[in-house]
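The lines below spell out each chain.
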Amino acid sequence: WHGNDLANTFQEYGERHEWFGPRPGERINYDPEEGPHYDEQAGTSTDWGAFPDRDEEMPDHYYASWAIERLEQDHEEPIFLGVGFVRPHVPWYVPEHWFDFHPIEDIVLPSYKEDDMDDVPEIGRQMTFMPPMPTTEYLKERGQWEEMIQAYLAAMTFVDHQVGRVLKALEASPYADNTIIVLFSDHGYHLGEKNRVAKMSLWERDTRVPLIFAGPGIPEGLRSSRPTGLIDIYPTLLDLTGLPENPQNEGRSLKPLIDDPDRDWPFPAMTFFGPRNVSLRTDSVRYIRYEDGSEEYYDHRRDPLEWHNLAKDPEYHGRIAGEIERLRTYIPDHPAPLAQESSFSMNSYFRQRMEVWREIPE
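Chemist: Got a minute to help me understand helix 10 (residues 348-358) in this structure?
Modeler: Note on helix geometry: an α-helix contains 3.6 residues per turn, so any two residues three or four positions apart are oriented the same way. Here helix 10 has its buried residues at Tyr349, Phe350, Met354, Trp357 and Arg358. Each buried residue of helix 10 lies within a common arc of 125° when the element is viewed along its axis, so the set occupies one face. Tucked into the core, helix 10 has its buried residues touching helix 3 (122-127). Between the side-chain oxygen of the N-cap and the backbone nitrogen of tyrosine 349 there are 3.1 Å, and the N-cap of helix 10 in question is asparagine 347.

Right, here's the structure in full:
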């Protein structure tokens, strides 16, 4: 819900509050028009710096306070409370004291391989090219890579504090012992890997998110390496609360993994970026297939950074052919057409494909 609830999904909805703001009068560190690949058809909120002066001026502080007020109220019926935070979405503006948690001299840069994109299919390079965003090489030239990472970490620390405020209020409320908590993010982010500072790809850095369940009946401190998707949250909550299944759900309840994190789980997590561009992640590999048939295959047991595309390596192709064939069986034969309201103009690839995808026969 980017700023509103037009469908009236919730009985009560907190007002939009300085969405993605507040912002200084002018950019602090990055102007896309001066960036490496400016494209006037697309802009970006990407920027970073210490701003504003106080946490109380930040939207996420307001959202946490709104949630705290609801936890302090008396509720006779069970409630669902959705608390959404903006940071660490760009721009990475947070008050200066959050930067102090991450001294610039202590910043550890992400792993980076200059020729990382050489074995990526041409279509993969086209669809992940994000002209408004800075590149790693651009940041290195300007000596800003460490500063950008520091700002991202400051934004993470700031929002972690807001989550803590809400959890502290829950602990002090009458609902502490009968509330199921789910903490998750909507996507990951490249912070220099593959020469990009952006989301919007089918690789690990963009498609992997935290997903934490806590509450009554949920064992503490356990972790599962099995692949899951955000589509699984709703059916999991139905299962944990004893509510009837919803036949519209395509996700799976994760309660079996909560009960036994190491149990057999043959289902890959699936992510689309356009109707026929899809990645499938198992607990050991990632397979990507693009709409033109191009492929990527990464063995995370040996290559967690996804530096070596084995699908283009003749030495490995025979060994992985069987696994690729198995993963292909999960890809829908008839993807749904793009919604008429969908719009994405970040690069020329998507501008050319949008109309085609809207006309896919159902």
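Chemist: In this structure, what is going on with the side chain of asparagine 277? I would like to understand it.
Modeler: In this structure, asparagine 277 sits in the loop between strand 7 (269-272) and strand 8 (278-281). By relative accessible area, which is 0% here, asparagine 277 ends up buried. A distance of 3.0 Å separates the side chain of asparagine 277 from the side chain of tyrosine 349, its partner in a polar contact. Excluding its chain neighbours within four sequence positions, the residues that come into contact with asparagine 277 are Ile123, Met127, Leu202, Thr271, Phe272, Arg289, Tyr290, Glu291, Tyr349 and Trp357.

Chemist: Can you walk me through unusual backbone geometry in this structure?
Modeler: Trans peptide bonds make up the majority, and among non-glycine residues the majority have a negative phi. Following glycine 21, the chain continues into proline 22 via a peptide bond in cis, with omega recorded as -10°. You can see proline 22 is positioned in the segment before strand 1 (48-50). Here phenylalanine 51 and proline 52 are connected by a cis peptide whose omega angle stands at -5°. With respect to the secondary-structure elements, proline 52 resides in the loop between strand 1 and helix 1 (59-71). You will see that methionine 200, though not glycine, has its phi angle at about 60°, which is positive. Positive phi, normally seen in glycine, also occurs at glutamate 306, with a value near 55°. Positionally, glutamate 306 belongs in the loop between strand 10 (295-299) and helix 9 (314-328).

What counts, and where the lines are drawn
- Residues numbered from 1 in each chain as written.
- Predicted model: local features only at pLDDT ≥ 70, side-chain atom pairs only at ≥ 80, totals over all residues.
- Heavy atoms only, no water.
- Buried < 20%, exposed > 50% of the residue type's maximum accessible area, 1.4 Å probe, protein only.
- Helix = DSSP H or I, 4+ residues; strand = E, 2+ residues; numbered from the N terminus.
- Arc of directions from axis to C-beta.
- Contact = heavy atoms within 4.5 Å.
- Polar contact = N/O pair within 3.5 Å; in protein donor to acceptor, adjacent residues only side chain to side chain.

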